[in-house]
Amino acid sequence: MTEDKKTIGLTLENRSIMERIMDKGFFRDQKDAAMFAMAYAIRQGLHPGNAEGTNTIWNVGSLDPDGEIRMLIGNLFPDTTTPYRAVESFVNAGLSSIGSRIDKEPGIEITDLLGEAASPA
Amino acid sequence: MLKIRSITVSDFGPFKGEQKIELPKEDGVVIVYGENMRGKTTLLNAIRYALFGKVLTRGSGEIQLHQIGNWESATSGKFGFHVVLAFEQNGDAYQLTRECRVRPGIARPMSDADYIEESFLTKNGSAMGPDEATLELGRIMPETVSRFFLFDGELLQQYEELLRSESDMGRQIKDAIERILGVPVLTNGRADLSQLHQLAQYQEAKAAQRNQKTQQLGNLHAELLGRREAMQQESARLRQDLERLKVTKTAREEQAKKQEQLRALLGQRERLQEEINLLEAKISEREERRKNLLTTAWRSILAPKITALREQVEGELRGLREQATRRLVQVETTEAIRRALSSGNCSLCEQPLTDRTKQRLEERLVELGSGGQERDFDGQIHNLETRISQLGQHQTDNSIAVLQEISIAIDDFRVTKTTTEDRLRDLKEQTEGLDESELRRIYGEYEKAVQEIAIVEKGLKAQDDALATINTDIIRIETELVKKGGSGLQRERKRREISEGLRNLFDEGVKVYRDRLRAKVEKDATELFLQLTSEPDYAGLSINNNYGLTIVHKDGNSIPVRSAGAEHVVALSLMGSLQKNAPLRGPIIMDSPFGRLDSVHTRKVIHTLPNMASQVLLFVYESELEPKLARNELKGGLRSEYRIVRHSARFSSVEKAV
């Protein structure tokens, strides 16, 4: 049985996307942006995967102090046995997806993505 | 007569690179069309710069040379500018070049000190020395009278000041008018004769001192003449001071007027800045709210998915509960049948079972079967209930709509802020260098000049009174000398009397010449005015001692108050009349002369222009003077047309209209 992750990291490419997102000044910190990216990916109908080549950014305790995220992933994806590994994959997939959108439309704002995320997946 | 042949500007104001306007040899009108902010006033200033090395604002303040170079050229590292004016005067061809270039070693000039200004004048192709060139230019176009050749239509209302005898601006304009009309020729002659008369008086005193009989009187005469000369020198010094103070006062008055307008702009600037600060605070507050909402935005994004999942799980729970109920009923029914078959009696009514009934119950028992595998309904139901409860904990209010509203509001505030910042930038350009302390300084200097003028005028009056007294004493001594003096003094006395007579003659001549000039100016201005005005009830213009012109109604009464348009027409009449009566003739170069005139007056002015000067150069915008109207009215008198073409806000060029 695969062991779950104790830290959440970003790939090099997604770190750069994270910086670009933070430069837009919408989020108070990277943690909020990461949670946004995770929700964006889940809302797009993606499934838990495995993010390769990540560098640690957060300890799971700091990202999910009360275990709410772990529980949510458990409920949304009952087959998942490693919820934080799933969280890491969603955060990275979400950032990658947002990065592609920004590349296509450099003027796009986070709240425009919010509208897309809110529409039915 | 001065005639301009061409004006070439290079990197001057909005004119990037070299731009040239050529004026034909023939008498007539040349029109340069250009919309606002394209460079019409700059062209007028280019001519002024070439002739006098000055560039003026509409408030008559000088513009720093550093600010004149073309901005786009400066951006590409090219600084400095030059103007070349080609003109003819009495058959001689002149070319005047004035240029401003960056001092060696200065990579990026920051002020006037970083430039070198040079001018060159050639006459019939030969270069003139600097002093010779200055003298020649002063003779051809003295700066003091340039206002009658180079004028800004927007400033024509200044001529109304001539109607106010106490106005310093009016006095300055009057002096300029007298200069262009040649009055100084007579007044300078009168001054020279006064000098000669005083010299003759000294010689008479000296002759009297040499004679024993008149020695005492001669000594007294010489002493009085000496004292008078000292007093006259003091008087002249005071007059010079007074002149200087009045110029300062007028300049500060003009600056204050300009500053008043700018002060209003400054107020507007402060209001816009406050508006921007308020918008920034609103943007900042909403950005903060957005950040707060984005902290939990992920919940809102997932809310529909969680709701759908919970509904799905709730459905599963309902199904499971139904299955559990059905299983319970099945178990209980099987048990009741088994009991009845075992006892042979019905488990409800206790009646004995018939064979047929037993057979049916056995068949039913087979139908119900053994009940299959036992399932852990309770455990499964508990699991589903736990999931539903957990999914319930994730539910949040939908903040996406609020976030989007906030983002729209932020965008709106930003657009308003950008628009406000643009307006503020414009205002800042207009109010550059203005501050309250500058305004206070101007008012302070104005007040100081007013006080000093009062003191100097008082001193001058005392000096003039003393001079009158001493002159009386001198006349008394001279009368005594006539009585006591013998034939030895006769020659000197005659010299004094002749010089005195000549001086008085010139004095009278000045008065007569002025009166005649005023009458001629009045007559010619009236003639022009009647051609220009559209009001049939006006009979003409009446002139005052300051050359101020008042409109006269045909009933003989003066029109006390006149509109800006009427003021304009009167000023143009005065201009035309001065051109006609001045010994110094030249072109009329006008910037925006029709801005205040209606179409009827514009047509009349256009029609009359060729009579006002042999060469007329107009800088106008098309709605001020329609090209079709100009062509119809001027016909062959319109020699050429140019157009200022916009390439960018800081790049205009001049093109000859086809």
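Residues numbered from 1 in each chain as written. Chains lettered and ligands numbered in written order. Predicted model: local features only at pLDDT ≥ 70, side-chain atom pairs only at ≥ 80, totals over all residues.

## Describing the overall build of chain A
Regarding its fold elements, chain A presents 6 helices and 2 strands. Counting helices and strands in the order they occur from the N terminus, chain A gives β-α-α-β-α-α-α-α. The buried share among the 121 residues of chain A stands at 40%. Sequence-distant contacts in chain A: of pairs separated by 6 or more residues, those separated by 24 or more amount to 80%. (Helix = DSSP H or I, 4+ residues; strand = E, 2+ residues; numbered from the N terminus. Buried ≥ 20, exposed ≤ 12 C-beta atoms within 10 Å, placed from the backbone. Contact = placed C-beta atoms within 7 Å.)

## Thoughts on the overall build of chain B
For chain B, the count of helices and strands is 15 helices and 14 strands. Residues classed as buried in chain B amount to 28% of the 658 residues present. Here the analysis covers contacts within chain B between residues at least 6 apart in sequence; of these, 74% occur between residues at least 24 apart.

## Regarding the packing of helix α2 (residues 30-43) of chain A against helix α7 (residues 297-343) of chain B
Remark: α2(A) packs on α7(B), axes separated minimally by 8 Å, with the N-to-C direction vectors making an angle of 15°. Looking at the two axes, α2(A) sits roughly parallel to α7(B). Judged by the twist between their axes, the crossing of α2(A) over α7(B) is left-handed. For the pair α2(A) and α7(B), contact is made by Met35(A), Phe36(A), Met38(A), Ala39(A), Tyr40(A), Ile42(A) and Arg43(A) and by Ala297(B), Trp298(B), Ile301(B), Leu302(B) and Lys305(B), respectively. (Axes fitted to C-alpha atoms, helices over the stretch in contact; angles between N-to-C directions. Parallel < 35°, antiparallel > 145°, perpendicular 65-115°, else oblique. Left-handed = near helix turned anticlockwise from the far one by under 90°.)

## Looking at the nonpolar core
Ile31(B), Val32(B), Ala46(B), Ile47(B), Leu85(B) and Leu618(B) are the most contacted members of the largest nonpolar core, which totals 82 residues. In this structure, Ala46(B) is in contact with Ile7(B), Val9(B), Phe12(B) and Val83(B), ignoring residues within four places of it in sequence. In this structure, Ile17(A), Met18(A), Leu63(A) and Leu403(B) belong to the second largest nonpolar core, which totals 45 residues. (Core = buried A, V, L, I, M, F, W, Y, C linked by C-beta atoms within 7 Å.)

## Details of the interface of chain B and chain A
Counting from both sides, the interface comprises 19 residues of chain B and, opposite them, 22 residues of chain A. Those elements giving two or more residues to the side of chain B that touches chain A turn out to be α6 (215-295), α7, α9 (377-394) and α10 (400-430) of chain B. With 6 residues, α7(B) is the single largest residue contributor to the side of chain B that touches chain A.

## Here's the deal with the environment of Ile475(B)
Tracing the backbone through its elements, the reader meets Ile475(B) in helix α11 (residues 436-484). Given 10 C-beta atoms within a 10 Å radius, Ile475(B) is considered exposed.

## Focus: the packing of helix α4 (residues 68-76) of chain A against helix α5 (residues 83-104) of chain A
Residue and element names in this part refer to chain A. At a minimum axis distance of 9 Å, the contact between α4 and α5 shows a crossing angle of 90°. By the angle between their axes, α4 is roughly perpendicular relative to α5. Where α4 abuts α5, its residues Ile69, Arg70, Ile73 and Gly74 lie against Pro83, Tyr84, Ala86 and Val87. The residue inventory of the contact of α4 with α5, partitioned by class, reads 6 nonpolar, 1 polar and 1 charged. (Nonpolar A, V, L, I, M, F, W, Y, C, P; charged D, E, K, R; others polar.)

## Things to note about the confidence of the model for chain B
When pLDDT is averaged along chain B, the result is 86; 94% of the residues meet or exceed 70. The complex prediction reports pTM at 0.56, with the ipTM value standing at 0.92. (pLDDT = per-residue confidence, 0-100.)

## Some words on the environment of Glu655(B)
Residue and element names in this part refer to chain B. Positionally, Glu655 belongs in strand β14 (residues 651-656). Owing to 11 C-beta atoms within 10 Å, Glu655 belongs among the exposed residues under this scheme. Taking the C-alpha atoms as reference points, Glu655 and Arg643, separated by 12 residues in sequence, lie 5.3 Å from one another. Those residues in contact with Glu655 that sit more than four places away from it in its chain are Tyr642, Arg643 and Val645.

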